[in-house]
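Okay, here's what each chain looks like letter by letter:
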Amino acid sequence: PWTTVRDAIADLPEPEGVNVRQESPPLGLHFHRNPTLLSQNRYRAIPQEGMNRFDLQRLAPELTPDCWIRKEKGGTDLFGRLWWDRPAFTIRTEFYKPEKGRYLHPVQHRPITHREAARLQSFPDSFRFTGSKIEIARQIGNAVPPLLAARVAASIAKLLEQRKTTE
């Protein structure tokens with residue numbers, strides 16, 4: 001079974017501030033960006049789950065970057081909204097930039113937070129990240145999701161144990 005976006009992040013309150021805060025988990029990493037008015041208008045122009053840059057171009061061409069208008073094919077996850085009841089897409093190092101992938105919150109008009117990205121990667125809230133916002137984002141995006149790593153490790157351990165008993 002998979003974890004949906006709703007399972008992972010629906011219990012979090014609205015993010016506060018624009019920096020890492022000295023608060024107990026999960027709130028210390030639950031902050032937002034300070035988007036421009038243009039970015040905020042773009043977020044609002046594609047309000048439904050699963051929408052993306054092609055919907056932005058269709059619904060609000062005046063808000064669509066020229067480079068996206070010229071590129072008629074390509075990634076459908078760019079500037080995309082996550083779906084509540086599906087697994088998240090791959091979390092990359094610049095998940096806080098919705099133009100880099102499907103990183104808009106399913107219903108709130110904003111990109112996902114560092115805490116949300118960490119949860120989508122299966123990091124427990126107790127895991128401690130260190131460094132600047134960008135360094136923490138790289139740690140989250142470059143990581144093998146901990147639950148995936150645990151499953152791979154368990155499979156390897158089982159194979160090694162089987163091999164040991166047959167020798």
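**Let's talk about the overall build of the protein**
Summing up its helical and strand segments, the protein has 7 helices and 0 strands in all. Going from N to C terminus, the protein has its helices and strands arranged as α-α-α-α-α-α-α. Reported as C-alpha extents along the three principal axes, the dimensions of the protein are approximately 70 × 40 × 25 Å. Looking at the protein as a whole, 38% of its 167 residues qualify as buried. For the protein, the proportion of contacts with a sequence separation of at least 24, taken over those separated by at least 6, is 48%. Here the protein has roughly 10,100 Å² of accessible surface; of this, 54% comes from carbon and sulfur atoms.

**A short note on the nonpolar core**
Membership of the largest hydrophobic core comes to 21 residues, with the highest contact counts inside it found for Ile9, Ile91, Phe95, Ile112, Leu120, Phe129 and Ile140. Going through the elements one at a time, helix 1 (5–9), helix 5 (114–120) and helix 6 (133–142) are the ones with two or more residues in this core. Counting 10 residues, the second-largest nonpolar core is a separate cluster that includes Ala60, Trp68, Phe79 and Leu104.

**Observations concerning helix 2 (residues 37–45)**
Where helix 2 is concerned, the buried positions are Ser39, Arg42, Tyr43 and Ala45. All buried residues of helix 2 fall inside an arc of 160° around its axis, so they share one side. Packed against the buried residues of helix 2 are helix 3 (53–59).

Cut-offs applied
- Residues numbered from 1 in each chain as written.
- Predicted model: local features only at pLDDT ≥ 70, side-chain atom pairs only at ≥ 80, totals over all residues.
- Heavy atoms only, no water.
- Helix = DSSP H or I, 4+ residues; strand = E, 2+ residues; numbered from the N terminus.
- Buried < 20%, exposed > 50% of the residue type's maximum accessible area, 1.4 Å probe, protein only.
- Contact = heavy atoms within 4.5 Å.
- Areas by Shrake-Rupley, 256 points an atom, 1.4 Å probe, with all protein chains shown as cover.
- Core = buried A, V, L, I, M, F, W, Y, C linked by side-chain atoms within 4.5 Å.
- Arc of directions from axis to C-beta.

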